[in-house]
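Overview (structure and organization)
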Amino acid sequence: MRYDLIVIGGGPAGYVGAIRAAQLGRRVACVEKERAGGTCLNWGCIPTKSLLRNAELYHLMKHRAADFGFKIEGLSYDWKKVIQRSREVSDKNAAGIEFLFKKNKVDYLRGEGFVDQPGEVRVKFNDGKTETHATANILISTGVVSRPLPGLPFNAKTVIGSREAMVLEPQPKSMVIIGAGAIGVEFAYFYNAFGTQVTLVEMMPNLLPVEDTEVSQLLERALTKQGIKVLTDTKTTKAETMKKGVRVSLEGKASETLEFDVALVAIGVVPLLPGGKTKFELTERGYIATDQRYQTKVNGVYAAGDIIGPPWLAHVASWEAIQAVEGMFGKAEPRKIREFPGCTYCQPQVASIGLTERAAKESGKKFRVGRFPFSASGKARAIGEIEGFVKLIIGEPHGEILGAHIIGPEATEMIAELGLAMTLEATYEEIEATIHAHPTLSESVHEAAGQAFGHAIHI
């Protein structure tokens, strides 16, 4: 059978690209060796948020019930059911993608895709059978996998990546998490909430190194208060497995060797290149190189999502896939990513878009900073979540939003307003002129815009 497009990889780039091409009236197939939804829906974004919701509720009931007038005795949890719930959530979302494939008449091929030559995709199905399909275009969206720590290979038991961390049984009594990006921080919050003794190690000066420094510093204080041992400016110099656990040597503000039941390595990812005889031009870091239209050096072969490099975010991957597909079929001129939100779903939540204050300074831009603390928000106080703030980087002399940073309740939901503001090139004056409902957390965005110019009412 000849297709207009075969997509290799069924994650947020792959399945979205396949469906969009089908919506444009094209004959499409999507090859996925595990299950529709890829890492995000099955082993990443979705199931982790399920686990984090469990952790949030348990932490609230265990440590703050009295604040809300509740008296809870004999509180306990079922670890297996916590894990099971996340798997059920994942399964339902994956089934939803499979339904969308049927609805949009996308052929769903369960197997591994190989590119031996342009215009063909060889599919090795999970039952061992092989088929080769002709296609006018190929979109590679095979994604990435966890990067191991040199000298400490994954063993799925005591040395794990994010995938194993979602289904780890039994619950470990102690854990070291190496790497304090979004993945490391989220799992630190999750395991600590349920009583695992967590040590979080980061070689950079701050947690979430890509975030605004003020945000990272407040988050470190918050996680430390929750009981997580945070070691920034600290390198892992040696690590080894033992009969029961791991031994890790650390060097930083203090040098020490510690033992843990489990080591979760969250130091980054490596590209998962497609198989086949075709060789693609790669970037310095090993990702597939593409042009402005997301096309590789191989004619008719495109790539989108994590496989073309950072930022490794599901929403960016989906956006890129739509750009690639609409470009290849002449629907619209493709664009490369510019501004995008980044989110970390611990408590307090962290979300941002655009320039940090330090990046704005380094670029030599003229700007003002507007801040508004949630402690001055009526809604935040009403829901008992006053930790954090909204911070806006506002350009001068025009007043455009150069960056936005939120740490606190529902930060990941609130960031969309500021993304829209930046897309529309809104100024702080237009944010101030927009009536925000009262009482809401989003009023803090309005107040932060005003605070930069002395207009804020509630601070």
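Everything below is about the structure printed above this text.
In this report, the structure presented in the accompanying data block is examined. (Residues numbered from 1 in each chain as written. Predicted model: local features only at pLDDT ≥ 70, side-chain atom pairs only at ≥ 80, totals over all residues. Heavy atoms only, no water.)

Attention now moves to the overall build of the protein chain. Within the protein chain one finds 13 helices and 21 strands. Over its C-alpha trace the protein chain gives a radius of gyration of 23 Å, about what one expects of a compact globule, namely 23 Å for 459 residues. The dimensions of the protein chain, computed from C-alpha atoms along their principal axes, are 65 × 60 × 40 Å. Relative to its full complement of 459 residues, the protein chain shows a buried share of 52%. Expressed as a percentage of contacts within the protein chain between residues at least 6 apart in sequence, the contacts between residues at least 24 apart total 63%. Accessible surface, the protein chain: about 21,800 Å² in total, of which carbon and sulfur atoms supply 52%. (Helix = DSSP H or I, 4+ residues; strand = E, 2+ residues; numbered from the N terminus. Rg over C-alpha atoms; globule rule 2.2 N^0.38 Å. Buried < 20%, exposed > 50% of the residue type's maximum accessible area, 1.4 Å probe, protein only. Contact = heavy atoms within 4.5 Å. Areas by Shrake-Rupley, 256 points an atom, 1.4 Å probe, with all protein chains shown as cover.)

One way to put it is that helix α1 (residues 14-23) packs onto helix α8 (residues 314-328) with a least axis distance of 8 Å and a crossing angle of 35°. Viewed along their axes, α1 and α8 form a crossing whose handedness is right-handed. The segment α1 lies against α8, with Val16, Gly17, Arg20 and Ala21 engaging Ser318, Ala321, Ile322, Val325 and Glu326. The class makeup of the residues in the contact of α1 with α8 is five nonpolar, two polar and two charged. (Axes fitted to C-alpha atoms, helices over the stretch in contact; angles between N-to-C directions. Left-handed = near helix turned anticlockwise from the far one by under 90°. Nonpolar A, V, L, I, M, F, W, Y, C, P; charged D, E, K, R; others polar.)

Moving on: the state of the cysteines. One pass over the full model with this rule turns up zero disulfides. This cysteine, Cys30, is not joined by any disulfide, and Cys40 carries the nearest cysteine sulfur, 14 Å off. Residue classification places Cys30 among the buried positions, given a relative accessible area of 0%. The thiol sulfur of Cys346 is not disulfide-bonded, and the nearest other cysteine sulfur, from Cys343, lies at 11 Å. (Disulfide = S-S within 2.5 Å.)

Time to look at helix α11 (residues 411-423). Since the α-helix packs 3.6 residues into each turn, any two residues three or four apart lie on the same face. Here α11 contains 13 residues, and its C-alpha end-to-end distance of 19 Å stays within 8% of the 18 Å for a straight helix at 1.5 Å per residue. Among all positions of α11, only Ala411, Thr412, Met414, Ile415, Leu418, Gly419, Ala421 and Met422 are buried. For α11, the angular spread of buried residues about the axis comes to 160°, placing them on one side. What points out from α11, more than 90 degrees from its buried face, is the exposed set Glu413, Ala416, Leu420 and Thr423. In this fold, the buried residues of α11 make contact with β17 (342-344), β18 (349-354), β20 (389-395), β21 (401-408), α12 (428-433) and α13 (443-451). Residue Glu425 follows α11 closely and has a positive phi angle near 55°. (Expected span 1.5 Å × (residues − 1). Arc of directions from axis to C-beta.)

Strand order across the open sheet formed by five strands is β7-β14-β8-β9-β10, with parallel pairing between neighbours. The open sheet terminates on both sides in strands that have one partner only, identified here as β7 (159-160) and β10 (229-231). Across two bridges, the pairing between β7 and strand β14 (residues 262-265) is parallel. Residue pairing across strands places Ile160 opposite Leu264, the latter belonging to β14. Packing against the sheet, helix α6 (residues 182-193) makes contact with β8 (174-178), β9 (197-201) and β14, and its axis sits at approximately 165° to β9. (Pairing = 2+ DSSP bridges.)

In this section: the sheet that holds strand β12 (residues 245-251). As summarised here, the arrangement of the three strands in space is β11-β12-β13, forming an open sheet in which the pairing is antiparallel. Two strands close off the open sheet at either side, each with one partner strand: β11 (235-242) and β13 (256-260). For this sheet, the mean angle separating the axes of adjacent strands, direction not counted, is 20°. One ladder, built from seven bridges, connects β11 with β12; its direction is antiparallel. Bridging across to β12, Ala239 finds its partner in Val248.

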